[in-house]
Amino acid sequence: MQPPVIVLNGPTASGKSSLAVELALAVQASGRGAEVVNTDSMLVYRGMDIGTAKPTIAERRGVVHHLVDIAEVTETASVADFQRLAREAIAECRARGVVPVVVGGSALYVHAVIDEFSFPATDPQVRARWEQRLDEVGPEALHGELVARSPQAAAQILPGNGRRIVRALEVLELTGEFTPKLPEWTAAIEGVHQFGLELPRELMDRRIDERVEQMWADGLVEEVRSLAARGLREGVTAWRAIGYRQVLQYLDGQIDEAQARAAVKAATRRFARKQLSWFRRDPRVTWLSAVDPGLVAKILDSCGLD
C-alpha cells in the first residue's frame, strides 16, 4: 500500500511552509520517511528568496524539499512543467515509501498536479507576439482585443490579468476556441488528503503586513536589484511575482519606496483572498485552524499516520 499524499492549502502567511516541515519531522519520528514537494510557482527560482518567503536551509530542518531553486529568473515556469515535475517527485517519494507533503499556494497548480488536467496547444512564437502586444498596449487594451475575439472568454478573465489574456489569445489563435474554466475535480493521484489552513482575516492581514516589513528589513530591495542585473526583467514569469514587480517599479523611478511597500501589502492581501476563494471551491479540502496547537496530530490522524 502506497503512502498517503498530504496536501496543504491556504493563503499567504497562514504557516503552510513551517507546518509542512513539522509534519515531515513528525512522520519521520514515527519511523517513516517524509519529504516536501513545493507547488509554489515562484519558489522554483534561484535567488528569489526574500520576496517569496522561501524557507531557508535552517528552516527546512533537514527535510528534503523538491522543486525549490530549480530555475533561473530568465526561464519560464509553466503550469504544465509543474504538473510533470511535481507528479514525478510525488511518485518517486511513494516508490521509496516516503510520504510526500505537498505545499500549495496556488489552487491552479495544486489542481493541475493532483487532478486530471490537460493543457491546450501552445506555440512560443505566437505567445511571444501576444506578449509583445501586451507590453505595447497594456492589459486593459489587450483585454478589449480579447472581447472582440471571444466575449465568452473575456467575460471570465479580469482586464488586469495580462498573463491570462495572453494565454487566451494564444489558444484562440491556435485552436479557434478557449475555455477559461477549470476542469472538474477528478483525481489523477490516489490516496490524496487535502487540508486547508484558515485564520481570522484581521490576523491574516496583520501577518501579511508584518511579513512585508520583515522582507524590507531583510533586504528585498537589494535582492531585486541583484536579480535585475541577472536578467529578471527579461523573464516572462519571475518579474511578475508580488514584491518583485513593485520593487522594480520603485527601482525604475515609477513610484517611491513607501508606495512600493504599501503596494506589496495591498497586492498580497488581495492574492490571499483570491487563494481562499479558489481553495474553498474544492469540497475535498478539510479546513483547519492555522493556529490550532494540535494541527499536526489532527492531520496525521486523518491520514492514518498517527
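Details of the structure are given in the entry above.
The present account deals with the structure reproduced in this document. (Residues numbered from 1 in each chain as written. Predicted model: local features only at pLDDT ≥ 70, side-chain atom pairs only at ≥ 80, totals over all residues. Heavy atoms only, no water.)

Another aspect to go through is the overall build of the protein chain. If you tally the helices and strands in the protein chain, you get 13 helices and six strands. Computed over its C-alpha atoms, the radius of gyration of the protein chain comes to 20 Å, within 12% of the 19 Å expected for a compact globule of 306 residues. Counting only C-alpha atoms, the protein chain reaches 55 × 45 × 35 Å along its principal axes. Across the 306 residues that make up the protein chain, the buried fraction comes to 46%. Long-range contacts, defined as pairs at least 24 residues apart, comprise 76% of the intrachain contacts of the protein chain with a sequence gap of at least 6. When the accessible surface of the protein chain is split by element, carbon and sulfur atoms take 51% of a total near 14600 Å². Once the 37 positive and 41 negative side-chain charges of the protein chain are each reduced to a mean point, those two points are 2 Å apart. (Helix = DSSP H or I, 4+ residues; strand = E, 2+ residues; numbered from the N terminus. Rg over C-alpha atoms; globule rule 2.2 N^0.38 Å. Buried < 20%, exposed > 50% of the residue type's maximum accessible area, 1.4 Å probe, protein only. Contact = heavy atoms within 4.5 Å. Areas by Shrake-Rupley, 256 points an atom, 1.4 Å probe, with all protein chains shown as cover. Lys, Arg positive; Asp, Glu negative; His and termini not counted. Charge placed at Lys NZ, Arg CZ, Asp CG, Glu CD.)

We now examine the environment of Ala 53. Within the secondary structure layout, Ala 53 lies in the loop between strand 2 (33-38) and helix 2 (57-60). On the accessibility criterion, Ala 53 (27% relative accessible area) is partly exposed. Residues Ala 53 and Met 42, 11 residues apart in the sequence, show an inter-C-alpha distance of 9.8 Å. In contact with Ala 53, other than residues within four places in its own chain, are Arg 211 and Met 215.

So, about the side chain of Arg 240. Looking at the element boundaries, Arg 240 is found in the loop between helix 10 (220-229) and helix 11 (244-251). The charged side chain of Arg 240 is buried without a salt bridge, its nearest counter-charge being Asp 135 at 4.8 Å. With residues up to four places along the chain from it excluded, the contact list for Arg 240 reads Leu 134, Arg 163 and Arg 245. (Salt bridge = Lys/Arg side-chain N within 4 Å of Asp/Glu carboxyl O.)

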